[in-house]
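Architecture and fold: a report
Here is what each chain is made of, one letter per residue.
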Amino acid sequence: MNKNFNTTINLPQIAFPMKGNLKNLEPRIIKKWKNLNLYKLIKKERNKKKIFIIHDGPPYANGNIHLGHTLNKILKDIIIKSKIFMNMNVSYYLGWDCHGLPIELEIQKKYNTFNIKNNKFRKLCYKYAKQQIKKQKKEFYRLGILTNWNKHYETMNYKTIANTIKIINKLIKLKLIKRKKKPTNWCIQCKSSIADSEIEYQKIKSKSLYITFVVQNKNNFLQNIGCNNNNFFENKSIEFIVWTTTPWSIPGNCAIALHPKFIYALYQTKKNRVLVVLQNKKKFLTKIFRKITELHCFQGYQIKNVFVNHPISQIKIPIIIHNYIKKDKGTGITHIASEHGQEDYNISQQYNLKGINLINSQGKYNDYLYIPKIKGVNIKKATKYIIQELKNNRTLLFIKNIPHKYPYCWRHKKKIIIRSTSQWFINIHKIKKNILNNIKKIKWIPEWGYNKIKKMIIDRQEWCISRQRSWGTPLPLLIHKKTKKIHPKINTILKKIIKKIKKKGPNFWFKIKLSKLIKDYKNYKKVTDILDVWFDSGSTCFSIMNPKFLKNKKSNLYLEGSDQYRGWFMSSIIINTAINNGIPCKKIITHGFVVDGEGNKMSKSLGNVIKPNSIINKFGADILRLWIASTEYHNEINISNEIINRTIDSYRKIRNTMKFLISNLENFDNIKDFIKFNNMILLDKWIIYQAYKTQKKIVSLYKKYKFCQITKEIINFCNKKLSNLYISIIKDRKYIIKKNTLPFYSAQTTIWILVQIITRWIAPIISFTAEEIWEYIPQKNKTKSIFIEKWYNNFPNNYENNVTNYKVWKILMFVKKKINKIIEKKKKKQVIFSSLESKITLYVTKKTFHKIKIFQHELKYFFIISDFILKQHKKNNFVIKFKKINSIKCNRCWHYVKNISPKHHICSRCIINIYGKGEKRLFF
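Scope of this entry: the structure provided in the associated data block. Numbering of residues starts from 1 in each chain and follows the order in which that chain's sequence is written. With pLDDT at 70 or above as the cut-off, local features in this predicted model cover only qualifying residues; side-chain atom pairs require 80 or more to be listed or tallied, and sums for whole chains, interfaces and linings still use all residues. As a rule here, side-chain values come from all non-hydrogen atoms in the structure, and water together with hydrogens is ignored.

Here we look at helix 12 (residues 428-439)
Here helix 12 spans only 14 Å end to end across 12 residues, well under the 16 Å set by a 1.5 Å rise per residue. Of the positions making up helix 12, those classed as buried are Ile-428, Ile-431, Lys-432, Ile-435, Leu-436, Asn-438 and Ile-439. For helix 12, the angular spread of buried residues about the axis comes to 165°, placing them on one side. By the criteria applied, helices consist of DSSP H or I runs no shorter than four residues and strands consist of E runs no shorter than two, each listed in order from the N terminus. How far a helix is expected to stretch is found by multiplying one less than its residue total by 1.5 Å. Only protein chains enter the accessibility calculation, which uses a 1.4 Å probe; a residue whose area is less than 20% of its type maximum is buried, one above 50% is exposed, and one in between is partly exposed. Arc, as used here, means the arc of the directions from the helix axis to the C-beta atoms.

Things to note about the nonpolar core
Here, the term nonpolar core denotes a set of buried Ala, Val, Leu, Ile, Met, Phe, Trp, Tyr and Cys residues that are joined through side-chain atoms within 4.5 Å. Counting 166 residues, the largest nonpolar core has Leu-661, Phe-707 and Phe-924 as the members making the most contacts within it. Considering each element in turn, this core owes the most residues, 14 residues, to helix 24 (residues 707-736). Excluding residues that lie within four positions of it along the chain, Phe-707 makes contacts with Leu-75, Ile-78, Ile-79, Ala-629, Tyr-633 and Tyr-702. Formed by 59 residues, the second largest nonpolar core is a distinct cluster that contains Ile-168, Ile-431, Leu-475 and Ile-574. Throughout, a contact is declared for two residues whenever any of their heavy atoms are within 4.5 Å.

Some details on the environment of Glu-560
Within the secondary structure, Glu-560 is located in strand 24 (residues 555-561). Along the backbone, Glu-560 and Leu-22 are 538 residues apart, and their C-alpha atoms lie at a distance of 28 Å. If we ignore the near neighbours within four places in the chain, the residues touching Glu-560 are Asp-56, Gly-57, Asn-72, Lys-76, Trp-568, Phe-569, Ile-589, Thr-590 and His-591.

With respect to the packing of aromatic side chains
Both the distance between ring centres and the angle between the ring planes are used here to describe each pair of aromatic rings. Stacked, edge-to-face and tilted labels apply to pairs of Phe, Tyr and Trp rings (six-membered ring for Trp) whose centres lie within 6.5 Å, assigned for plane angles under 30 degrees, over 60, and everything in between, in that order. As enumerated under the stated definition, the model contains 42 aromatic pairs in all. A centroid spacing of 6.4 Å and a plane angle of 20° characterise the contact between Tyr-689 and Tyr-692, whose relative ring orientation is stacked. Linking Tyr-689 with Tyr-692, this pair stays in helix 23 (residues 682-703), spanning three residues, or about one helical turn. Note on Tyr-692: relative accessible area 26%, which makes it partly exposed.

Digging into the pairing of strand 17 (residues 417-427)
Most of strand 17 is tucked away, with nine of its 11 residues classed as buried. As paired strands, strand 5 (residues 177-187) and strand 17 are joined by 10 bridges and run antiparallel to one another. Across the sheet, the residue bridging to Lys-182 is Thr-421, located in strand 17. Summarising the sheet, strand 17 and strand 19 (residues 462-464) pair through three bridges and their orientation is antiparallel. Of the residues in strand 19, the one forming a bridge with Phe-425 is Cys-464. By definition, two strands form a pair when at least two bridges between them are found by DSSP.

What about the sheet that holds strand 28 (residues 838-844)?
Read from one edge of the open sheet, three strands run 29-28-30, paired in mixed fashion. The open sheet terminates on both sides in strands that have one partner only, identified here as strand 29 (867-872) and strand 30 (879-884). For this sheet, the mean angle separating the axes of adjacent strands, direction not counted, is 15°. Relative to strand 30, strand 28 runs antiparallel, the two being bridged by six bridges. What sits directly across from Ser-838, in strand 30, is Lys-884. In this analysis, axes come from line fits to C-alpha atoms, helices being fitted only over the stretch in contact, and the angle between any two N-to-C directions falls in the range 0 to 180 degrees. The strands touched by helix 28 (residues 806-828) within the sheet are strand 28 and strand 30, with strand 30 carrying the most contacts at an inclination of about 35°.

Some details on the side chain of Ser-348
Of note, Ser-348 is situated in helix 10 (residues 342-351). Discounting chain neighbours no more than four positions away, the residues touching Ser-348 are Cys-254, Ile-336, Ser-338 and Leu-353.

Focus on empty space enclosed by the protein
Using protein atoms alone on a 1 Å grid, points that fit a 1.4 Å probe yet trap it form a cavity, whereas open point sets bounded by protein on both sides within 12 Å along at least five of seven lines form a pocket; residues with an atom within 4 Å of a point count as lining. Grid points are joined across faces, edges and corners, and a volume is the space filled by probe spheres set on the points. All chains considered together, the criterion is met by two cavities of 30 Å³ or more. If you add up the space inside the largest cavity, you get close to 110 Å³. Around the largest cavity, the lining comprises 15 residues; the ones closest to its centre are Leu-101, Glu-198, Arg-411, Arg-467 and Arg-469. For the lining of the largest cavity, the elements supplying multiple residues, two or more each, are strand 6 (192-193) and strand 23 (530-531). All amino acids are sorted into three groups, where Ala, Val, Leu, Ile, Met, Phe, Trp, Tyr, Cys and Pro are nonpolar, Asp, Glu, Lys and Arg are charged, and the leftover types, Gly among them, are polar. Partitioned by chemical class, the residues of the lining of the largest cavity number seven nonpolar, three polar and five charged. Volume-wise, the second largest cavity comes out at about 30 Å³. Taken together, Leu-626, Ile-654, Thr-711, Ile-714, Ile-762, Ile-765 and Ile-766 make up the lining of the second largest cavity.

Focus: a nonpolar patch on the surface
Only residues whose relative accessible area exceeds 30% and that form no salt bridge are eligible for patches; like-charged ones are grouped when within 9 Å, while nonpolar side chains (Val, Leu, Ile, Met, Phe, Trp, Tyr) are grouped when within 5 Å. Using a 1.4 Å probe, accessible areas were evaluated by the Shrake-Rupley method; residue-level cover was limited to the displayed protein chains. For this document, the term salt bridge refers to a Lys or Arg side-chain nitrogen within 4 Å of an Asp or Glu carboxyl oxygen. A surface patch of nonpolar side chains, amounting to about 310 Å² of accessible area, comprises Ile-315, Leu-369 and Tyr-370. Tracing the backbone through its elements, the reader meets Ile-315 in the loop between strand 13 (307-309) and strand 14 (316-321).

Focus: unusual backbone geometry
The omega torsion of the bond from Ile-445 to Pro-446 falls at 0°, within 30 degrees of zero and hence cis. With phi around 60°, Arg-394 is a residue other than glycine that occupies positive phi space. Within the secondary structure, Arg-394 is located in the loop between helix 11 (379-392) and strand 16 (396-409). Residue His-905 is not a glycine yet carries a positive backbone phi of 65°. On the accessibility criterion, His-905 (48% relative accessible area) is partly exposed.

Here's the deal with the packing of helix 21 (residues 621-629) against helix 22 (residues 641-663)
In the contact formed by helix 21 and helix 22, the axes pass within 9 Å of each other and the chain directions differ by 100°. Relative to helix 22, the element helix 21 lies roughly perpendicular. Packed against helix 21, whose contacting residues are Asp-622, Ile-623, Leu-626 and Trp-627, the element helix 22 presents Ile-643, Ile-644, Thr-647, Ile-648, Ser-650 and Tyr-651 at the interface. Taken together, the residues of the contact of helix 21 with helix 22 break down into seven nonpolar, two polar and one charged. Each angle receives one of four descriptions, namely roughly parallel if under 35 degrees, roughly antiparallel if over 145, roughly perpendicular if within 65 to 115, and oblique otherwise.

A closer look at the pattern of salt bridges
Applying the stated criterion across every chain yields a total of 31 salt bridges. With a shortest N-O distance of 3.7 Å, Asp-649 and Arg-652 are connected by a salt bridge. In this pair, Asp-649 and Arg-652 both sit in helix 22, three residues apart, roughly one turn of the helix. On the accessibility criterion, Asp-649 (39% relative accessible area) is partly exposed. Put simply, Arg-28, Lys-32, Glu-771 and Glu-775 are held in one network by salt bridges that share partners.

Overview of the sheet that holds strand 10 (residues 263-268)
Ordered in space as 12-10-11-8-7-16, the six strands form an open sheet in which the pairing is mixed. The two strands at the open ends of the sheet, each matched to only one other strand, are strand 12 (293-299) and strand 16. Strand-to-strand twist across the sheet, computed as the mean angle between neighbouring axes with direction ignored, equals 25°.

Brief notes about the pairing of strand 9 (residues 255-258)
Residues of strand 9 alternate between two faces, with Ala-255 and Ala-257 on one and Ile-256 and Leu-258 on the opposite face, all of them buried. As paired elements, strand 9 and strand 15 (residues 333-336) share four bridges and run antiparallel to each other. Residue pairing across strands places Ala-255 opposite Ile-336, the latter belonging to strand 15. Strand direction decides the pairing type here: strand 9 and strand 14, joined by three bridges, are parallel. Within strand 14, the position partnered with Ile-256 by the bridge is Ile-319.

Next comes the structure, spelled out in structure tokens:
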């Protein structure tokens, strides 16, 4: 282009940077939000609007935040910010779960001792948790989270602990809490009972033992099963074969069980033994014995008052009948150790069986008369002694190593055991019907969440809420030394304790002497257990969500990882149902876990851990935010360098579109220069209509929490509707046409509206970039932050009358697509180098001709060519003829024209735009 014409071209003037430079931009924006006290400002603006509350499920106050934390907090932040644009009064406060074993272990490791006095130990745990909260809070701050940074909650706060104990008091009044001795999951490393939610299953190989239990009263057994040939069995040993993968539990055996409906068979071996197993297990026996003979069959229900010898002690134990026996595993005969299994305990209660608990809290055997060597020995090491004793008694039939799933403590990654201890339980069975009714009142997203929680509740009878640890909310109860019953005046006593704990903290309970609490102190002892941490966090809907804190007792939404079905979701629902037969929230959303690009769980051993700060420090938090918003977050969420690079590409597409729009708003006055919709150029009306339709979709998707679809809608709009179509068309009008004319201001008004609209769309997701764009938008009386705004709603009501018939646009788009294909082919063959070198003749039928003839003089701008001719065709519709234009190129507009002015060296159109009133445009 001749330099003389540079100043006549309306080139972009606003220097919105092409590169985000987010790692430098974002801290500046955070400082701006802090100075504005943005959360408080938004609350003030929407004080009387409809309230929306997300109750934050507390992360654990230990260690740096990881990608799971990042995912969770950013999803919540996107929701909160979208609700702001819906003009709602949002409330969101961060919270932390502070109690539990991991912090205890950190303190023990730090001070390299287990001998710190408990009160001092708890103080050290408290101090450590405070430091961790401060660290995590700073990291959450860097993500651009919108919350009240001057206010958060902690489960270790004195008032919170006091409020949690209030709930215990209410549950006691409702007779839902009971102390009893029963088998519980026990971690040897934790030295405490652990909840089902703290267990994960791993595939292992372990010894599978097939053990025989010899029938004592043979005649009675044979009579039961209708086998009258007693003489045949006189010198034969009848033995039931039991299968187990926990040989350590055999010393605690108190019965064996059969299924009432299963068919069992007696098989004779060469060695004059008669073995009893399921009839369909004959092949299994033939692998051990070359030849066996089936003698008789019977069903389990036929067995009554039959006893067998314990395989080690030879003590008489009963055969019992129960439906829980499974056919697909073992022999169809199960050994019952009432102290070492949940089902075993339930069956034993039904049959009034008494077992013995031989294993202590460290996983070692107490004194066992029949195998003296195992006293004080760990169960793993003791297994060899048990096997040897079984061999000595000729009751070990067969050993085989088999793969199977075994429960592990999720913290220590060590096998757990089940041992009988005295614990405190909430009776779930008593309120189960109410719980099942209440979960129907909650909207579950995804919908399968309802069936998942329903099954877990149906399968659950009790909740063990006590733990034998030091760091936690105390269970401040008094029990009688002999009767083991709770003090009859416990409700009054708890009220006093609650008041003291609120002021002095939980150490008050551990330090106070009983003589200062009750008169009959000699008959009672203090419970030194602490509460399950899930009880702490599940109680926060009462201990935290009170009028002084969030002005509401029921939140609109819980959003946590899918592991919280057995954790926070479950505990919150149980406690709410128990206290007031209510629900903790209106909706529950779950997200999956972050995995690497191959779908592997992130772990140090695999070396695939990606830290959030590594991405933030290199690319910026907005890239993390866009990655999260672009995922189907209900499933596992993959991350890798390739995925991050794809996210960066998507970010660039949005940013580059916004750069063009902002850069072309130079000197625009949104009051003086604003063109009303009815007076706009047709193409401008069309794109605003497209934005209107897209916004309706996006707002609807925000309401449905479908962020992945939102990002697709935004990127598609930026690419297809704007970059590839509208922007490419209006460049000619915006750059070439005379300033201060209607076509020029129509373009600028449209661009200004589009920036307003799109900035709001992206603000909940890429918040820092949206705030940066807001700073660049020329606007009088502009608010201090994009987040004080609502969705753009200055749309006219009569679109259909102003934007032209939909079918006409469909025709124009169809033709444009076909012309573009022809031009691209010509460019590839180097026939032309620019679309402006094209002359297009379009032949259409009479019907089509009359539909689009009104546009014919401006269609060359729509198709971005130099010459366009519209003609009628009798038969064929949409026949396109291409011709390379044989004309002169204008040095200013680059269009090919028939004549160039000798005086000005430019085309007549450019002369009008520079020296005249400017060209007229109606459509494009």
